[in-house]
Amino acid sequence: MRVNKTNYLVNRTPTFEVLTEEEIEAIYYSALTVLSETGVRVYHKEGYDLLGQHGANIEDVTEDSALVKIPPEMVDIALSTLPRKVVIYGAEPDQHKMELYKNQIYFGAGSDTPFTIDPYTGERRRAQYEDVKNFARLAEALPNLDFHMSLGIVQDVAVGTYDRWQYLAMLEGTNKPINITAVDKEGLEDQLEMAYIRVGGKEEWLKTPIFSLYIEPVSPLSHSVEVIDKLMFCAEKRIPFVYTPCPLAGATAPATLAGTAVQALTESLLGIVLSQLVRKGAPMIIGGLMSAMDMRTAVYSYGSPEMALLSAAYTQITKWLGVPEYETAGCSDAKMYDEQAAMEATMNIASAALVGGNMIHDVGYLEQGLTSSGEMMVASDEIIDMVKRILKGIPVDDDSKALHVIEEVGPGGHYLAHDHTFERFKGLIWSPKLVDRQNFEEWEASGSKTHRERVHERVIEILEQEEEPLMEEGMFNELKRICELADEKHKDEELDLDMFG
Amino acid sequence: MSDILSDISTLVIEGNFEDMPDKTNAAVEEGLSAEEILNNGLMPGMDHVGVEFKAGNMFVPEVLRSAKAMQAAMSIIRPMLAETGTETKGTILLGTVAGDLHDIGKNLVGMMCEGAGFEIIDLGKDVEPETFVEAVKEHKPRILGMSALLTTTMRAMERTIKALDEAGVRDTVKIMIGGAPVTQSFADDIGADGYAPNAASASDMAKQFAA
Ligand code: B12
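Predicted, not measured: the structure shown is a model, and the values here were computed from it.

## Regarding the environment of A:Tyr196
Residue and element names in this part refer to chain A.
Inference 1: Within the fold, tyrosine 196 resides in helix α6 (residues 185-199).
Inference 2: C-alpha of tyrosine 196 to C-alpha of cysteine 234: the two residues are 38 residues apart in sequence and 14 Å apart in space.
Inference 3: Non-local contacts of tyrosine 196, meaning those with residues more than four positions away in its chain, are made with Gly201, Lys202 and Trp205.

This is the structure in structure tokens:
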């Protein structure tokens, strides 16, 4: 089997560091202190019982939860069985795979925005099935996007089943690895069934899992019943999953970023310990969706420098721990793809890549994760491309120092027509597609288009490309059947789109 | 305005909750009524805070400090207000609806409304319609506020309103709703009395409902 890794890329110049090793250690050991002394609340009896059986202190048991205090040894044991590398495949496993470890960098979309910007009218409206499919098609076409998430909540189906429809819409649009979301355990079971069918059975799934599940504990320091249900199910079934806390500095976490990192790590460590108790070797990726509250508007900012900084810090911590990592970039607080969006995306993409995050999500997010945008996705693809050029660094060897060429050309000559230039310029001198570098007359002759207009045209161009379907009709119908069966069960939950005016 | 009332306004604006009890007691000793302290000392201070916050000159933690200073005075004058039968702003019952665990927005709305002089009863998150109904019956709030951040839980707002209706208490409260995916037209559709996109406008709306 020949396997092309999706955009295999190692940061050769991981020079961006925001924490020293001593600081990382201080954060880690503080998280262990919080975990063993403050404790975390677990709203899941089976979950806290299992932790209790293995040495955690179970205190303050209420009707629905318990305060769980985990001694450091339990974390050490869990870390000794946690896979240091997690691999997720695309729907056609021989086409795409992501190997998440150390400095491997992969970018992908965000998920579940209630709104989307209509690519034709520019209007902000509720997302629907076709939108999610179209975003997946964009992901399929864009070379720097390696995995995908549902850039929109499917709202033209029963609300309790939107997760299955989103998975179907994504499978229609892309063969890249997918990070799914699930309404609940039932939604996860249905999507697992769909994945088994798509990849050719359970055995094939175990060899080449074609999705990971996105799970978020509830900051501060709480793990809800639905979250633990999903975590335990994933660990049992060997479904790779992301366990990403979403603390908000100043609101659900300390305003000081070190404190936020300590709290987030404590939340992640609970996931690591519990998953390894359910099944040693259960694959997981720990997160990084962290920001500071904007203190004027009270929003969860997705374009803040604090988000970039915290993401970078968390990446360093997870690398030090040797755990695959989840990060956030390609997102913005702007309301449409505009100068602010480009500015914020450039900043957070650059810092995420330079620090070497593994699974970097939320490309395509606008408005604090409430709206998705094709323009944001297409533009981010090129920003990533540009940053990747920086990651390639400047290899210094005899050939690259080119002393013989300098000698040959000598003072006053030129390198334009030299073989050395001809043979090496591609890949070394980055060439943009959407960024404009024409001179004024050329730019004017090509329609005096702004960057935004060029990006928009590219979105439409991709959407209007004719493509062969990625799945055979029989396969599609089988998957759709699962969604429809779920709909029948959740009939009374239909969300009337007219309701929103 | 007497000096002491303008001092009280200043303490609110500065968020000085430490000096507030002494100042409030001093005002009472001077013979000022609780109503005067509230209407001419505390409220002008909070109104100023509201204006500054909307103008972007004050930040959330500062506003919450001011609300805390206001509370420090309220805990002293509240019993007196009750004694004289003075109309207070009333009670707001708050909760994040069933199935939803997002609570920061709801907490913020609660604190801002508290700062506007309301009493807040917070039912927390993941609150079932029946729990809302029981609490409305028990506490007889003037306003009910519901928060939802998920499309899957927005409908729990509709269910709650229906449950209130069936229990015959729908018309005893004004209902306001909010949360990121919620919109005015959704509020209209499910028969809520109002929608507010942020905490400051939530408190403005509550004031209107209470007027
Ligand atoms: C933080 C966060 C979380 C945290 C919440 C922690 C906590 N303690 O609250 C955690 C990690 C738990 C979480 C979980 C989930 N989340 Co979440 N979350 C967010 C996030 C990033 C920020 C929300 C926030 O705190 N904002 C800051 C506060 C201050 O703002 P606010 O809540 O909007 O409140 C303001 C106004 O709306 C208004 N308001 C709010 N309530 C009320 C009430 C009244 C009466 C009034 C008048 C006004 C009002 O005033 C407030 C102050 O100005 C949003 C994205 C976003 N930008 O909203 C996603 C988001 C809401 N989450 C989302 C999702 C999908 C989920 C999960 C389902 C993910 C998953 N698959 O597991 C789970 C669901 C868990 C559950 N059962 O509830 C989606 C929702 C999509 C949808 N419409 O269905 C969003 C939009 C992100 C996304 N694109 O994926 N989440």
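## Regarding the domain arrangement of chain B
All names here are of chain B.
Inference 1: The assigned domain composition of chain B is domain 1 (3-84) and domain 2 (91-210).
Inference 2: Placing a centre on the C-alpha atoms of domain 1 and another on those of domain 2 gives a separation of 26 Å.
Inference 3: Between domain 1 and domain 2, roughly 900 Å² of surface is buried when both sides are summed, and carbon and sulfur atoms account for 69% of that area.
Inference 4: For the pair domain 1 and domain 2, the number of links is three salt bridges.

## Quick look at the coordination of the cobalt atom of the ligand
Inference 1: For the cobalt atom of the ligand, the protein supplies a single donor, B:His102 (NE2), at a distance of 2.3 Å.
Inference 2: Residue position: B:His102 is located in the loop between β1 (91-96) and α5 (104-115).

## Quick word on the packing of aromatic side chains
Inference 1: Overall, the coordinates contain 11 aromatic pairs over all chains when judged by the stated rule.
Inference 2: Linked through ring pairs, A:Tyr167, A:Tyr196, A:Trp205 and A:Phe211 together constitute an aromatic cluster.
Inference 3: A cation over a ring is seen here: A:Arg124 above A:Phe115, with NZ or CZ 3.6 Å from the ring centre.
Inference 4: Lying over the aromatic face of B:Phe17, B:Lys68 brings its terminal NZ or CZ to 4.1 Å of the ring centre.

## Focus on the environment of B:Ile120
All names here are of chain B.
Inference 1: With respect to the helices, strands and loops of the structure, isoleucine 120 is situated in strand β2 (residues 119-122).
Inference 2: Counting along the chain gives 21 residues from isoleucine 120 to proline 141, while the straight-line C-alpha distance between them is 9.1 Å.
Inference 3: When near neighbours in sequence (up to four residues on either side) are disregarded, isoleucine 120 contacts Ile92, Leu94, Gly110, Cys113 and Glu114.

## Thoughts on the sheet that holds strand β4 (residues 174-178) of chain B
Residues and elements named next belong to chain B.
Inference 1: If you trace the five strands from one edge of the open sheet to the other, you get β2-β1-β3-β4-β5, paired in parallel fashion. With partners counted over all chains shown, the strands left at the sheet margins are β2 and β5 (194-195), one partner each.
Inference 2: Note: strand β3 (residues 143-147) against β4, five bridges, orientation parallel. Directly across from isoleucine 143, in β4, lies its bridge partner lysine 174.
Inference 3: Together, β3 and β4 form the strand contacts of helix α7 (residues 151-166), whose direction differs from that of β3 by roughly 155°.

## Focus on the nonpolar core
Residue and element names in this part refer to chain A.
Inference 1: Leu51, Ile70 and Leu265 are the most contacted members of the largest nonpolar core, which has 85 residues in total.
Inference 2: Counting residues per element, this core draws most heavily on helix α9 (residues 257-278), at nine residues.
Inference 3: By size, the runner-up hydrophobic cluster in this structure holds 57 residues, among which are Ala139, Leu248, Ala345 and Val455.

## Quick notes on the pattern of salt bridges
Inference 1: Counted according to the given criterion, the structure contains 34 salt bridges over all chains.
Inference 2: Across the salt bridge formed by A:Lys97 and A:Glu99, the nearest N and O atoms sit 3.6 Å from each other.
Inference 3: With a shortest N-O distance of 3.2 Å, B:Lys23 and B:Asp7 are connected by a salt bridge. Pair noted here: B:Lys23 is in helix α2 (residues 20-29) and B:Asp7 is in helix α1 (residues 3-14), with a separation of 16 residues, a long-range link.
Inference 4: Classification of B:Lys23 by relative accessible area gives partly exposed; the value is 27%.
Inference 5: According to the relative accessible area criterion, B:Asp7 is partly exposed, its value standing at 30%.
Inference 6: In the salt-bridge network here, residues are joined through shared partners; they are A:Asp163, A:Arg164, A:Glu186, A:Asp190 and A:Lys489.

## Quick notes on the interface of chain B and chain A
Inference 1: Contacts between chain B and chain A engage 19 residues on the former and 24 residues on the latter.
Inference 2: Interface area, chain B with chain A, both sides summed: about 1,900 Å², of which 68% is carbon and sulfur.
Inference 3: Seen at the junction of chain B and chain A, the total is zero salt bridges.
Inference 4: Across the contact surface, chain B and chain A share three residue pairs in polar contact (both at pLDDT 80 or more).
Inference 5: Counting only elements with at least two residues in the side of chain B that touches chain A, the list comes to α4 (60-83), α5, α7 and α8 (184-190) of chain B.
Inference 6: Considering each element in turn, the side of chain B that touches chain A owes the most residues, four residues, to α7(B).
Inference 7: Taken together, the residues of the side of chain B that touches chain A sort by class into 11 nonpolar, five polar and three charged.

## Some remarks on the site of the ligand
Inference 1: Near the ligand lie 48 residues; those nearest to it are A:Glu216, A:Gln368, B:Leu101, B:His102 and B:Ser147.
Inference 2: Flanking the ligand are residues from chains A and B.
Inference 3: The backbone of A:Gly369 places a nitrogen or oxygen atom 2.8 Å from a nitrogen atom of the ligand.
Inference 4: A distance of 3.1 Å is found between an oxygen atom of the ligand and a backbone nitrogen or oxygen belonging to B:Ala199.
Inference 5: Elements that contribute at least two residues to the shell around the ligand include exactly α8 (225-237) of chain A together with α5, β3, β4 and α9 (199-210) of chain B.
Inference 6: Tallied by class, the residues present in the shell around the ligand amount to 26 nonpolar, 16 polar and six charged.

Basis of the calculations
Residues numbered from 1 in each chain as written. Chains lettered and ligands numbered in written order. Predicted model: local features only at pLDDT ≥ 70, side-chain atom pairs only at ≥ 80, totals over all residues. Heavy atoms only, no water. Helix = DSSP H or I, 4+ residues; strand = E, 2+ residues; numbered from the N terminus. Contact = heavy atoms within 4.5 Å. Domains from an automatic or database assignment. Buried area = accessible area lost by both parts, 1.4 Å probe. Salt bridge = Lys/Arg side-chain N within 4 Å of Asp/Glu carboxyl O. Donors = N, O, S within 2.8 Å, 3.2 Å for Na, K, Ca; no water. Phe/Tyr/Trp six-rings, centres within 6.5 Å; stacked < 30°, edge-to-face > 60°. Lys NZ or Arg CZ within 6 Å of the ring centre and 35° of its normal. Pairing = 2+ DSSP bridges. Axes fitted to C-alpha atoms, helices over the stretch in contact; angles between N-to-C directions. Core = buried A, V, L, I, M, F, W, Y, C linked by side-chain atoms within 4.5 Å. Buried < 20%, exposed > 50% of the residue type's maximum accessible area, 1.4 Å probe, protein only. Polar contact = N/O pair within 3.5 Å; in protein donor to acceptor, adjacent residues only side chain to side chain. Nonpolar A, V, L, I, M, F, W, Y, C, P; charged D, E, K, R; others polar. Near = heavy atom within 4 Å.

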